[in-house]
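Listed below are the residues making up each chain.
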Amino acid sequence: MAAQRSLAERLANVLRVGGDQILFDVVYEAVCPGMLAWGQAESLKVRADGLLNEAGRLRVEAILGLVGEGMTPPEIAEVFGVSYQRVQQILAGARDEGYENSDTGAGPRAPAQPARRR
């Protein structure tokens, strides 16, 4: 702030106007503009990773919800417009992550409970 005041006073002297009439914005340019772009890219990547994880969780819950209603993987694949193999991959990943199907919904099971087989 003191540097801005000092600069305003010097400009006022050169321009022969009152110091309170000098208004300016300070713009900082990075020495290496690539550093700013890199930081923005990293921030976007973190946000994207979070969104992808959330999308995956929602896919698992949707599929397990339909399994809980008695639908088969081929039927679920048809409903969502994906291949049967993709539904099987998602179900296998859900088992690996500890998801368990129940009549009330799907979600991570408690660590002490073993997964039920159907």
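Scroll up a little and you will see the structure.
Heads up: these notes are all about the structure in this document. In this text, all values refer to a predicted model and were calculated from it rather than measured experimentally. (Residues numbered from 1 in each chain as written. Predicted model: local features only at pLDDT ≥ 70, side-chain atom pairs only at ≥ 80, totals over all residues. Heavy atoms only, no water.)

### A closer look at helix 4 (residues 84-97)
Here's step 1: In this model helix 4 runs 20 Å from its N-terminal to its C-terminal C-alpha over 14 residues, within 8% of the 20 Å that 1.5 Å per residue would give.
Here's step 2: Of all the residues in helix 4, the buried ones are Val-87, Ile-90, Leu-91 and Ala-94. End-on, the buried residues of helix 4 take up no more than an arc of 100 degrees, which puts them together on one face. Opposite the packed face of helix 4, turned more than 90 degrees from it, sit the exposed residues Gln-85 and Asp-96.
Here's step 3: Once helix 4 ends, the next one or two residues include Gly-98, with phi positive near 90 degrees. (Helix = DSSP H or I, 4+ residues; strand = E, 2+ residues; numbered from the N terminus. Expected span 1.5 Å × (residues − 1). Buried < 20%, exposed > 50% of the residue type's maximum accessible area, 1.4 Å probe, protein only. Arc of directions from axis to C-beta.)

### Considerations on the pattern of salt bridges
Here's step 1: A complete count under the given rule lists three salt bridges for this structure.
Here's step 2: Between Asp-49 and Lys-45 there is a salt bridge, and its shortest N-O distance comes to 2.9 Å. Taken together, the positions of Asp-49 and Lys-45, both in helix 2 (residues 33-68) and four residues apart, correspond to about one turn of that helix.
Here's step 3: Taking relative accessible area as the criterion, Asp-49 reaches 34% and is therefore assigned partly exposed.
Here's step 4: In this structure Lys-45 comes out as partly exposed when scored by relative accessible area, which is 45%.
Here's step 5: Glu-61 is the salt-bridge partner of Arg-57, the closest N and O atoms lying 2.6 Å from each other. Of the two residues, Arg-57 and Glu-61 both sit in helix 2, four residues apart, roughly one turn of that helix.
Here's step 6: With a relative accessible area of 30%, Arg-57 lands in the partly exposed category.
Here's step 7: Residue classification places Glu-61 among the partly exposed residues on the basis of a relative accessible area of 25%. (Salt bridge = Lys/Arg side-chain N within 4 Å of Asp/Glu carboxyl O.)

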